[in-house]
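Residue strings, one per chain:
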Amino acid sequence: MNKAFAFAAAALVGVAGSVFAPLATRAADAPIKIGVNLELSGNASLWGQPQLNSIQMIVDRINKSGGVKGRALQLDVLDNKSDPSQSLLNVKQLIGDDVVAIIGGGTTPTTMPAVPVAESGQVPMIAVAGSNAIIEPPADRKWIFKSPSNDSVSAAVIASALKKLGFTSVGFLSVNNAYGASGLREFGAAADKDGIKIVDEEKYNSGDADMSSQLTKLKGTDAKAIVVWGIPPAVAIVAKNAAALSVPQKMIYSPGAAGNAFFALAGSALGGSYIAASKIIAVDDLPKNDPQRALLTSYIQEYKAKFHADPDEIAAYAADAIRLLDQAMTLGGTDRNSIRDGLEKIDNFPSFSGNYTITSTDHQGLSATAIVIAMNRDGHWSLVK
Amino acid sequence: MKRGAAAALALIVCAVPFAANAYVVSMLVLIALSGIAALGLGLLMGTVGEISLAQAAFMGIGAYAAASSAHAGLNPWLSILVAPVVVAAVAAFVGYPTLRLRGHYLTLATLGLGVIATVFFNEVSSVTGGPQGLGDFGSLQVGSYVLAGDKPFYGLAWIAAGLVALGVRQFRASARGRALRAIAASETAAAAMGVSVRVRKLEAFVLSAVIAGFAGALYAFYVGYITPVAFGFEQSVLIVVMVVLGGAATTLGPLVGAFIYQIGSALLAVLGAHLVTDNAQAASAALQVTCFGLLLVVVVRFLPSGLVGTAGEVLARRREHEPRVRDLDAARVRTKPL
Amino acid sequence: MEQFIVSGLATGAIYALIGVGFVVIHNVTGIINFAQGEFAMSGAFAAVIFYEHGLPLPLACLLAAAVAALVGLVTWYAALRGAARSGPVLQIIITIGVSIALRGLALFALGSSPRALPAFSAGEVHLGNAVVAAQEIWILGIAVVLMALLWLLFEKTRIGAALLAASINRDAARLMGIDPLRMSAIAFALGAGLAGIAGFVIAPVTFATYDMGLSLGLKGFVAAVLGGVVSIPGAVIGGLSLGILESLGTAYVPSGWRDAIAFGILLLVLFIRPQGVFGRTTVRV
């Protein structure tokens, strides 16, 4: 009896599921629907959750001040579980749900499969991931945009900073995933251009507990600095290991490390280290007339009050994405085509991570000035001019 | 499964793409592809009786073999043929020592295989594109017709699934299949009866892996961009879950299991989205993960033979209790318990 | 060189603790516990929560060990006890379901951001040319103490003897008046408690994340297998060796291949000597 009941229940689930799924499509009415496809669970959820928080906060702000052209924004949120196949399904579901634009994915592996779908579905998609491949080649990416600075730009900023500081031979430590691989490639190219020599490359896995071995190897080379390309919490472990080992080389971290988790977890081990990040890292050091200063101050305040944590760079990029959409809709219309065209009209638009200028050949929009170099002293990041 | 039910199922399967939207069709394509891998695993688990945690890794090997050869210029259809060959070679090579192990040891060995495969995908970047993945390897074409997109792939994937299911059924019913079941029951007895245990087990292992590799190759062309993340330990676990949900003892069980899993998680997501306010989506996602884990425990506890297996048992028991109308001995009919 | 070995020993001690818990559970119940890493995660998070609520660190850790043991007990009673006769395949799936559920719960309750736990004592210790974080010394010390306590448990106490009996031969044990189901519950509590301790002992170094159990569990398996899955000292030596080999491997092999080293060793051991490098073919400890 038990088994029959269980069988019937399971069959019901199956049938209900195939009925329910199409019913999830809500009728298109007054609110403007924006799809969100982020990593709310799985191994990239460290980023996904703050990104969603950020987007929701900005949407609330926009709606409170009257919405876009009198219509409220409504988010259609789907979790891609950090899985490429799920991300693909999500984008199809969102397109079927008549969203006017999609924000997501948050990582390269979850974004790339969705690219052709958004292209052929003709839905503007703003990814919150770092790799250049997402928006290149421009001819095949008419509908794809991204809000985070390209890894190539971050790498170039780090390379020129290294050159300025006189660190012409460096070691490179990266995380063994798509983010680290992108960094490795972009930094390799940037280093070449600036005459920086990479004397040793080491990798670690994101779940690793100890990077002492890699650091010991790097310590023994004649590198003057070590570039670290990874995300928290692993980069915090790197920082602590490096401090414990008294690694003489200067540590310089990529933007991916600029999460609050990094600072909280690494603590005093960060003293004397550098980081390349967007301006959110040292807001108080920004000159009074810096276009980002006021925006960031109010953003940080509001985020802190609402979510009881400091927002970081990754969250800020998500906030940028929704603001870009808002601006595009204000400049143009609120349907998919107009939003796409509107995005390309964005010119010198100040947002949290920098001033965006999007053109038909540059669907990212930030220049090198959006990435700054900061140094850690006494638990505080200060801009290095 | 009975012929009538199978025909009805086939009819539904054919009708869907004309009625449903891209999302549903896409989900059904993914169900077919993961179902093919599950069918392969079901073959192994249903006969040899051990869990393999390397099925997604074999999918990955097939996917990368197909994608990288197509990327290098090989005709996409040919690269789909390359995939099973590569997978067969790898599976034979690792299967030979692995299958000497029993029980937990075998499962742990497949775990190790899966992890090493992931390392390969990440490291041998000249072939696989590394952690950033591999894209841009062309599409399947028939003449000038490009076989891309949901509806065409739906046809391709479900025809493939049907063929694989038929093939698995034939195999299980064959002498080789029977030999494997004998091995599962008792290796010593089977050996005593002249079954070459090692060879049969290796065959099943390689066949199961090849089926997964084939699914992987199709997956690569469907999605158009593959990364190591898609073929890891967690995906292997999910394929095992599909087999167990549907039941490894029947041919179609794993395919039904793939269906249940995919629809189940979609349903869970829909419930989660509707029951929770907009600002708690992140919490909802976490709860869905929790629910999935709990449901898994519950379903396995109460349906240990999986859905199809249990359905089969229920039907069999019902048949046992039907009075035999044509029985001339009325006394015998009456004394039969109802 | 010493640096590699010392760092390797510290991570190895963690793998050893988790592996030992795994072996205890497997020996008594016969179950391959895929939730072992999540038991470690429970200990880590419990300690974090207690500490963040104001409890002094030692008390927080003590309670955390109890919480982890409790999680193990609940897992046994709620999920596995009824499936005691369902066969290994279903039992493994159940433990997988438990691990997924525990991860989801942690994600729900604590979010995806890593949490810090203060080190038991700050600073570093210099051992010759090597620099070791004080926490790593704590890890090694606690592991040694726990192993000694375990030895005492098995050799000198009645419960320990009962556990051993149940692990060697369930039916004989039952005939001797030992309830195998009760022993299984104790084994789960013990195995989970050990993993939980490993969790909060490593958390000051690696920080607590909701998915920390994934890689910890896998490495713990490798440690257990190196010991033949049935030997506790084997798992200890297996774990330590794994840590050192991984560490040394980084010195000589491109670091992306490190996991391949660990699992390659796993495969080699399984193929060549399934009773483990350090296990014995007959007697189990």
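Just so it is clear, the model here is predicted, and its values are computed rather than measured.

Colleague: Explain unusual backbone geometry to me, using residue names and the numbers behind them.
Modeller: All names here are of chain A. With an omega of 0 degrees, the peptide bond running from glutamate 136 to proline 137 counts as cis. Along the chain, the position of proline 137 falls in the loop between β4 (125-127) and β5 (144-146). Residue proline 233 is bonded to the preceding proline 232 through a cis peptide linkage, with omega at -5 degrees. Checked against the element boundaries, proline 233 lands in the loop between β8 (225-229) and α9 (234-244). Positive phi is not limited to glycine here, since aspartate 98 has a value of about 65 degrees. Here aspartate 98 lies in the loop between α3 (84-96) and β3 (101-104).

Colleague: Can you lay out the interface of chain A and chain C for me, pointing to particular residues and giving the numbers?
Modeller: Each side of the interface is counted separately: chain A has 28 residues, and chain C has 30 residues. In total, about 2300 Å² of surface goes out of reach between chain A and chain C, with carbon and sulfur atoms giving 55% of it. It is Ser213(A), Ala244(A) and Leu265(A) that lose the most area in chain A upon contact with chain C, and together they represent 20% of the buried surface on that side. Where chain A meets chain C, there are zero salt bridges.

Colleague: Any chance you could break down the nonpolar core for me, citing the residues and the numbers?
Modeller: In terms of nonpolar packing, the biggest core is built from 231 residues, with Phe58(B), Trp158(B), Ile226(B), Phe231(B), Val20(C), Phe39(C) and Phe200(C) touching the most fellow members. In this structure, Phe200(C) is in contact with Gly43(C), Ala44(C), Ala47(C), Cys61(C), Ala64(C), Ala65(C), Leu117(C) and Phe120(C), ignoring residues within four places of it in sequence. Membership of the second largest hydrophobic core comes to 117 residues, among which are Ile34(A), Val157(A), Ile275(A) and Leu383(A).

Colleague: Quick rundown of the packing of aromatic side chains? Include the residues and the values.
Modeller: Taken as a whole, this structure holds 25 aromatic pairs over all chains when the rule is applied. An angle of 45 degrees between the planes, with centres 6.4 Å apart, marks the rings of Tyr154(B) and Trp158(B) as tilted. Highlighted residues: Tyr154(B) and Trp158(B), both in helix α7 (residues 150-173), separated by four residues, approximately one helical turn. This pair shows no difference in class: Tyr154(B) is buried, exactly as Trp158(B) is. Here the aromatic cluster, defined as three or more aromatic residues joined through ring pairs, consists of Trp47(A), Phe172(A), Tyr179(A), Phe187(A) and Trp229(A). Just above the ring of Phe352(A) sits the side chain of Arg323(A); from NZ or CZ to the centre is 5.4 Å.

Colleague: Help me get a handle on the pairing of β3(A), residues and values and all.
Modeller: In summary, the side chains of a regular strand alternate between the two faces of the sheet. Residue and element names in this part refer to chain A. Here β3 shows a buried face lined by Ala101 and Ile103 and a second buried face lined by Ile102 and Gly104. Across four bridges, strand β1 (residues 32-38) lies against β3 in parallel orientation. Residue pairing for β3: isoleucine 34 is matched across the bridge by alanine 101. Across two bridges, β3 lies against β4 in parallel orientation. Residue pairing in the sheet places isoleucine 103 in a bridge with isoleucine 126 of β4.

Colleague: Break down helix α11 (residues 258-272) of chain C for me, with residues and values.
Modeller: Between the first and last C-alpha of α11(C) there are 21 Å, a value that for 15 residues agrees with the 21 Å anticipated at 1.5 Å per step. Most of α11(C) is tucked away, with eleven of its 15 residues classed as buried. Restricting attention to buried positions, one finds in α11(C) the residues Arg258(C), Asp259(C), Ala260(C), Ala262(C), Phe263(C), Ile265(C), Leu266(C), Leu267(C), Val269(C), Leu270(C) and Phe271(C). The inward-facing, buried residues of α11(C) abut α8 (212-219) of chain A, α4 (76-98) and α5 (103-123) of chain B together with α9 (212-226) and α10 (232-252) of chain C.

Colleague: Go over a nonpolar patch on the surface, please, and point to the residues and values.
Modeller: All names here are of chain C. Taken together, the side chains of Val145, Leu149, Trp151 and Leu152 define a hydrophobic patch exposed on the protein surface, amounting to about 400 Å² of accessible area. Tracing the chain through its elements places leucine 152 in helix α5 (residues 134-156). With relative accessibility at 40%, the residue leucine 152 sits in the partly exposed group.

Colleague: Account for the sheet that holds strand β9 (residues 250-253) of chain A, with residues named and values stated.
Modeller: All names here are of chain A. Read across the open sheet, the seven strands follow the order β7-β6-β8-β9-β10-β13-β14; overall the sheet is mixed. In this open sheet, the two edge strands, each paired with only one partner strand, are β7 (197-204) and β14 (380-383). On average, adjacent strands in this sheet sit at an angle of 30 degrees to one another, irrespective of strand direction. Summarising the sheet, strand β6 (residues 169-175) and β8 pair through five bridges and their orientation is parallel. Bridge pairing links leucine 173 to valine 228 in β8. Relative to the sheet, helix α7 (residues 178-194) contacts β6, β7 and β8, its axis offset from that of β6 by approximately 160 degrees.

Colleague: Go over α3(A) with me, naming the residues and quoting the values.
Modeller: Residue and element names in this part refer to chain A. The terminal C-alpha atoms of α3, which comprises 13 residues, lie 19 Å apart, in line with the 18 Å expected from a rise of 1.5 Å per residue. Of all 13 residues in α3, twelve are buried; the element is thus mostly enclosed. Of all the positions in α3, only Pro84, Ser85, Gln86, Ser87, Leu88, Leu89, Asn90, Val91, Lys92, Gln93, Leu94 and Ile95 are classed as buried.

Colleague: How would you sum up the pattern of salt bridges? Please name residues and give values.
Modeller: Residues and elements named next belong to chain A. Applying the stated rule across the entire model yields 17 salt bridges over all chains. With a closest N to O distance of 2.7 Å, arginine 61 and glutamate 302 form a salt bridge. Of this pair, arginine 61 sits in helix α2 (residues 45-64) while glutamate 302 sits in helix α11 (residues 291-307), placing them 241 residues apart in sequence.

Colleague: For the interface of chain B and chain C, give the residues involved together with the corresponding values.
Modeller: Contact residues are listed per partner, giving 41 residues for chain B and 40 residues for chain C. Together chain B and chain C conceal approximately 3500 Å² of surface at their shared face, both sides included; 85% is due to carbon and sulfur atoms. Across the chain B-chain C interface, the total number found is zero salt bridges. Between the two partners, chain B and chain C, sit four residue pairs in polar contact (both at pLDDT 80 or more). Going through the elements one at a time, α4, α5, α11 (233-246) and α13 (281-302) of chain B are the ones with two or more residues in the side of chain B that touches chain C. Here the side of chain B that touches chain C takes 13 residues from α5(B), the largest share from any one element. Of the residues belonging to the side of chain B that touches chain C, the class tally is 30 nonpolar, seven polar and four charged.

Colleague: Summarise the packing of α5(C) against helix α8 (residues 180-206) of chain C; cite the residues concerned and give the values.
Modeller: Each packed pair of helices is defined by two parameters, the angle between the axes and the distance between the axes. Residue and element names in this part refer to chain C. Contact pair α5 / α8: the axes reach a minimum separation of 9 Å and the direction vectors enclose 170 degrees. When the axis of α5 is compared with that of α8, the two are roughly antiparallel. Counting all contacts with α5, which are made through Gln135, Ile139, Ile142, Leu146, Leu150 and Leu153, the residues of α8 involved are Leu190, Leu194, Ile197, Val201, Ile202, Pro204 and Val205. In terms of residue class, the contact of α5 with α8 is made up of twelve nonpolar, one polar and no charged.

Colleague: Which residues make up the pairing of strand β13 (residues 371-377) of chain A, and what are the values?
Modeller: By the criterion of burial, β13(A) is predominantly enclosed, with six of the seven residues buried. Linking β13(A) back to β14(A) in an antiparallel pair, the connection comprises two residues, with Asp378(A) at a positive phi of about 55 degrees.

Colleague: Let's hear about the sheet that holds β5(A): which residues, and what values?
Modeller: All names here are of chain A. Pairing within the open sheet is parallel, and its five strands lie in the order β2-β1-β3-β4-β5. Both edges of this open sheet fall to β2 (73-79) and β5, since each of them pairs with a single strand only. Averaged over all pairs of adjacent strands, the angle between strand axes in this sheet comes to 25 degrees, irrespective of strand direction.

Colleague: Explain the packing of α8(A) against helix α1 (residues 2-29) of chain C residue by residue, including any values.
Modeller: Following both chains from N to C, one finds α8(A) and α1(C) inclined at 165 degrees, their axes separated by 9 Å at the closest point. Relative to α1(C), the element α8(A) is oriented roughly antiparallel. The hand of the α8(A)/α1(C) crossing is right-handed. Judged by residue contacts, Ser212(A), Ser213(A), Thr216(A) and Lys217(A) of α8(A) engage Gln3(C), Phe4(C) and Ser7(C) from α1(C). Taken together, the residues of the contact of α8(A) with α1(C) sort by class into one nonpolar, five polar and one charged.

Calculation notes
Residues numbered from 1 in each chain as written. Chains lettered and ligands numbered in written order. Predicted model: local features only at pLDDT ≥ 70, side-chain atom pairs only at ≥ 80, totals over all residues. Heavy atoms only, no water. Helix = DSSP H or I, 4+ residues; strand = E, 2+ residues; numbered from the N terminus. Contact = heavy atoms within 4.5 Å. Buried area = accessible area lost by both parts, 1.4 Å probe. Salt bridge = Lys/Arg side-chain N within 4 Å of Asp/Glu carboxyl O. Core = buried A, V, L, I, M, F, W, Y, C linked by side-chain atoms within 4.5 Å. Buried < 20%, exposed > 50% of the residue type's maximum accessible area, 1.4 Å probe, protein only. Phe/Tyr/Trp six-rings, centres within 6.5 Å; stacked < 30°, edge-to-face > 60°. Lys NZ or Arg CZ within 6 Å of the ring centre and 35° of its normal. Pairing = 2+ DSSP bridges. Expected span 1.5 Å × (residues − 1). Patch = residues over 30% accessible without salt bridge, like charges linked within 9 Å, V, L, I, M, F, W, Y side chains within 5 Å. Areas by Shrake-Rupley, 256 points an atom, 1.4 Å probe, with all protein chains shown as cover. Axes fitted to C-alpha atoms, helices over the stretch in contact; angles between N-to-C directions. Polar contact = N/O pair within 3.5 Å; in protein donor to acceptor, adjacent residues only side chain to side chain. Nonpolar A, V, L, I, M, F, W, Y, C, P; charged D, E, K, R; others polar. Parallel < 35°, antiparallel > 145°, perpendicular 65-115°, else oblique. Left-handed = near helix turned anticlockwise from the far one by under 90°.

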